Amino acid sequence: TFGNTGRASFDFRGQQLLTLLTAVQVDRAGRIWVAGYTQFSETDTDFIVARLRPDGSLDTAFCNGAGYKTVPFDLDSATTRKRSDQAWGLLLQSDGRIVLTGSASNGEANGYGSDFAAARLMPDCSLDPSFGNSGKLHAHFAGSMPVSSVLDAHFGGSGIVLAGYAANVDADHNNYVGDGQFGVAMIRLDLLFTDGFDAP
């Protein structure tokens, strides 16, 4: 009863070279939310989130008929022009807002550097202006290491707990090396949501 003999696939507008989904959530209505990143060129990927109906079809009631939304950070567009933004985490707030977490290229280490990154969407699919800088935020886990990425996120305490890693690149700035650290951070939301969060 799901998709085509139990499987569903999507070509989002046919523009992308690759779409990789890395996170999934099911809400109380049985709708399936997926997130990850989609590639537009060799050096350009954006966050993506999509909503499916319980039968596996794209829910076009989300995002004004599209059923999905891409979110670019493009922090590195003026330097090495490597605009690699990848979502690895997806959270659904009880008020209908959607949180995406991952990494965004920052121009450091000859284009191999990245910040951990998060974006929050309103239920109508627009970026939430009360979150970070116009709906997006990014930072380093370790200032001395050019690579930071979030691999998972959960609601906890008074905000969102992010977990990932910080790393260096080799002397030629063309590969990651084993010198790294765990990275943990919290996005505080207690001033915005005094009643806490409910699991969707």
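Residues numbered from 1 in each chain as written. Predicted model: local features only at pLDDT ≥ 70, side-chain atom pairs only at ≥ 80, totals over all residues. Heavy atoms only, no water.

Caption draft 1: A look at the nonpolar core. Counting 19 residues, the largest nonpolar core has Val49, Leu90, Ile98 and Leu100 as the members making the most contacts within it. Among the elements of the structure, strand 2 (32-41), strand 3 (44-52), strand 5 (83-92), strand 6 (98-105) and strand 7 (114-121) are those that each provide at least two residues to this core. Apart from residues no more than four positions distant in its own chain, Leu100 is found in contact with Ala35, Phe47, Val49, Val71, Gly89, Leu90, Ala117, Ala118 and Ala119. Of all hydrophobic cores here, the second largest spans 16 residues; its members include Val99, Ala142, Ile160 and Leu162. (Core = buried A, V, L, I, M, F, W, Y, C linked by side-chain atoms within 4.5 Å. Buried < 20%, exposed > 50% of the residue type's maximum accessible area, 1.4 Å probe, protein only. Helix = DSSP H or I, 4+ residues; strand = E, 2+ residues; numbered from the N terminus. Contact = heavy atoms within 4.5 Å.)

Caption draft 2: Spatial organisation of the environment of His154. Along the chain, the position of His154 falls in strand 9 (residues 147-156). Overall, His154 belongs to the partly exposed group, its relative accessible area being 47%. Separated by 32 residues in sequence, His154 and Met186 place their C-alpha atoms 9.6 Å apart. Of the polar contacts made by the side chain of His154, one reaches the side chain of Asp152; its length is 3.2 Å. (Polar contact = N/O pair within 3.5 Å; in protein donor to acceptor, adjacent residues only side chain to side chain.)

Caption draft 3: Representation of the state of the cysteines. As enumerated under the stated definition, the model contains one disulfide in all. Linked covalently through their sulfurs, Cys63 and Cys125 form a disulfide whose S-S length is 1.5 Å. Taken as a pair, Cys63 in the loop between strand 3 and strand 4 (68-71) and Cys125 in the loop between strand 7 and strand 8 (136-139) lie far apart in primary sequence, 62 residues in all. Comparing Cys63 with Cys125, the two get one shared label, buried. (Disulfide = S-S within 2.5 Å.)

Caption draft 4: Expanded view of unusual backbone geometry. Positive phi is not limited to glycine here, since Thr5 has a value of about 50°. Structurally, Thr5 is set in the segment before strand 1 (18-26). Classification of Thr5 as exposed rests on a relative accessible area of 70%. In this structure, Cys63 is a non-glycine residue whose phi angle is positive, near 60°.

Caption draft 5: Spotlight on the packing of aromatic side chains. Taken as a whole and judged by the stated rule, the model has four aromatic pairs. Centre to centre, the rings of Tyr37 and Trp88 are 6.0 Å apart; their planes meet at 55°, and the pair counts as tilted. In this pair, Tyr37 sits in strand 2 while Trp88 sits in strand 5, placing the two residues 51 residues apart along the sequence. Overall, the relative accessible area of 10% leaves Tyr37 in the buried class. Ring geometry for Phe116 and Phe141: centres 4.5 Å apart, planes at 35°, overall tilted. One end of the pair, Phe116, is in strand 7; the other, Phe141, is in the loop between strand 8 and strand 9, with 25 residues separating them in the sequence. Exposure class is identical for Phe116 and Phe141. Each is buried. Against the face of Phe73 rests Lys136, its NZ or CZ located 5.3 Å from the ring centre. (Phe/Tyr/Trp six-rings, centres within 6.5 Å; stacked < 30°, edge-to-face > 60°. Lys NZ or Arg CZ within 6 Å of the ring centre and 35° of its normal.)

Read these as spatial facts, not as claims about activity.
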